Amino acid sequence: MKHNVSTLPLLKQTAKWLLPRLQQGDLVFLIGDLGMGKTTFTQMLLHSAGVQESVKSPTYTLFESYQSKQLSFIHMDLYRLSHPEELYYLGIEDILNNDSIVLIEWPEKGQGVLPIPQWSLSFTGNNLNRSLTITSK
Ligand SMILES: Nc1ncnc2c1ncn2[C@@H]1O[C@H](COP(=O)(O)OP(=O)(O)OP(=O)(O)O)[C@@H](O)[C@H]1O
Ligand SMILES: [Mg+2]
């Protein structure tokens, strides 16, 4: 499913489209170049789900956990990962097994360690014409 996300309101609308389709335990890959909107989309999704606290880019901490009334989320950014095997030191097995919705930016960096995701979100385009293609397993 290809969504037009050329503006922030359209991006938010797409986050609201995806939210009711997600289930606890789902793994979500966020794929796209620097600045394409992966973190912004995650912020919109989590705030739509009722997460109150601010959602910041986990580039330095690599992951952050969030809780709403009904759902729990883990947001990861693997940009700074040097080797996929470092995921084992981060406790990736526990992260994937704790029934949270796990959203991962730069999943390419974890290739070979990360399983096939339930959802793959691909951010493409340019400033004037951005698209978000959502595929599910
Ligand atoms: N669909 C959009 N429409 C308009 N502006 C957007 C859109 N998506 C993102 N932006 C803007 O682009 C900037 C960068 O977005 P963001 O940090 O979400 O990118 P990212 O994909 O997470 O990048 P990185 O790979 O560096 O983590 C933000 O200021 C955001 O407001
Ligand atoms: Mg980001």
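Read on for a plain summary of the structure. Along every chain, residues carry numbers that run from 1 in the direction the sequence is written. Starting at A for chains and at 1 for ligands, labels are handed out in the order in which the entities are written. Note on the predicted model: pLDDT of at least 70 is required for a residue's local features to be given, and 80 or more for side-chain atom pairs to be given and counted; whole-chain, interface and lining totals, by contrast, use all residues. For the side-chain quantities, the full set of heavy atoms in the structure was used; hydrogens and water were omitted.

**So, helix α1 (residues 8-18)**
Working step 1: Residue exposure (1.4 Å probe, protein chains only): buried if accessible area is under 20% of the type maximum, exposed if over 50%, otherwise partly exposed. Each helix is a run of DSSP H or I of at least 4 residues and each strand a run of E of at least 2, with the numbering of both proceeding from the N terminus. Inspection of α1 places Leu 11, Thr 14, Ala 15 and Leu 18 among the buried residues, and these make up the whole buried set. Buried residues of α1 fall within an arc of 105° about the axis and therefore sit on the same side. Opposite the packed face of α1, turned more than 90 degrees from it, sit the exposed residues Pro 9 and Gln 13. An arc is given here, and it is the one of the directions from the helix axis to the C-beta atoms.

**Quick look at the site of ligand 1**
Working step 1: A molecule or strand has a residue near it when one of that residue's heavy atoms lies within 4 Å. As a structural note, the neighbourhood of ligand 1 is formed by 17 residues, with Val 5, Gly 35, Lys 38, Thr 39 and Thr 40 the closest of them.
Working step 2: Note that an oxygen atom of ligand 1 is positioned 3.2 Å from one of the backbone N or O atoms of Met 36.
Working step 3: Two N or O atoms count as a polar contact when they lie within 3.5 Å, although within protein this holds only if one can serve as hydrogen donor and the other as acceptor, and sequence-adjacent residues are included solely when both atoms are side-chain atoms. Thr 40 places a side-chain nitrogen or oxygen 2.5 Å from an oxygen atom of ligand 1.
Working step 4: Using a 1.4 Å probe, accessible areas were evaluated by the Shrake-Rupley method; residue-level cover was limited to the displayed protein chains. Coverage of ligand 1 by the protein amounts to 70% of the 640 Å² it exposes when considered alone.
Working step 5: Of all the elements in the fold, those that place two or more residues in the shell around ligand 1 are α1 and α2 (38-48).

**Quick look at the sheet that holds strand β3 (residues 63-67)**
Working step 1: The criterion for strand pairing is that DSSP finds at least two bridges linking the strands in question. The strand order β1-β7-β6-β2-β5-β4-β3 describes an open sheet built from 7 strands, whose pairing is mixed. Each of the sheet's edge strands pairs with one partner strand only, and the pair in question is β1 (2-4) and β3. For this sheet, the mean inter-axis angle between neighbouring strands, taken without regard to orientation, is 20°.
Working step 2: Of the strands in this sheet, β1, β6 (119-126) and β7 (129-136) touch α1, which is tilted by about 10° from β7. Axis angles are defined between N-to-C directions and span 0 to 180 degrees, where every axis is a line fitted to C-alpha atoms and, for a helix, only to the segment in contact. Any two residues having at least one pair of non-hydrogen atoms within 4.5 Å are treated as being in contact.

**Let's talk about the packing of aromatic side chains**
Working step 1: Under the pairing criterion, centres of Phe, Tyr and Trp rings, with the six-membered ring standing for Trp, must be within 6.5 Å; the plane angle then separates stacked pairs below 30 degrees from edge-to-face pairs above 60, leaving the rest tilted. Considering all chains together, one arrives at 2 aromatic pairs under this definition.
Working step 2: With centroids separated by 5.9 Å and ring planes inclined at 75°, the aromatic side chains of Phe 41 and Phe 123 adopt a geometry described as edge-to-face. Here the residue Phe 41 occupies a position in helix α2, and Phe 123 occupies one in strand β6, the gap between them amounting to 82 residues.
Working step 3: A residue is classified by how much of its surface remains accessible, and Phe 123, at 4% relative accessible area, is buried.
Working step 4: The ring of Trp 17 has Arg 21 lying over it, and the distance from NZ or CZ to the ring centre is 3.9 Å.
Working step 5: For a lysine, the NZ atom is tested; for an arginine, the CZ atom; a charge sits over a ring if that atom is within 6 Å of the ring centre and within 35 degrees of the ring normal. Its end group placed over the ring of Tyr 79, Lys 109 keeps NZ or CZ at 5.2 Å from the ring centre.

**Section: unusual backbone geometry**
A negative phi angle is the norm for most residues apart from glycine, just as the trans form is the norm for most peptide bonds.
Working step 1: Its identity as a non-glycine residue notwithstanding, Leu 62 has a phi of 70°, on the positive side.
Working step 2: By secondary structure assignment, the location of Leu 62 is in the loop between α2 and β3.
Working step 3: Phi is positive for Asp 99, which is not a glycine, with a value near 70°.
Working step 4: Within the secondary structure layout, Asp 99 lies in the loop between α4 (92-97) and β5 (101-105).

**Here we look at the coordination of the magnesium ion (ligand 2)**
Working step 1: Distances from the magnesium ion (ligand 2) to its protein donors, Thr 39 (OG1) and Glu 105 (OE), fall within 2.0 to 2.2 Å. Residue Thr 39 is located in helix α2, and its partner Glu 105 is located in strand β5; the two are separated by 66 residues in the primary sequence.
Working step 2: Look at Glu 105 and you get buried, because its relative accessible area is 3%. Note: metal donors comprise N, O and S atoms at 2.8 Å or less from the metal (3.2 Å for Na, K and Ca); water molecules are not included, so apparent gaps in a site are possible.

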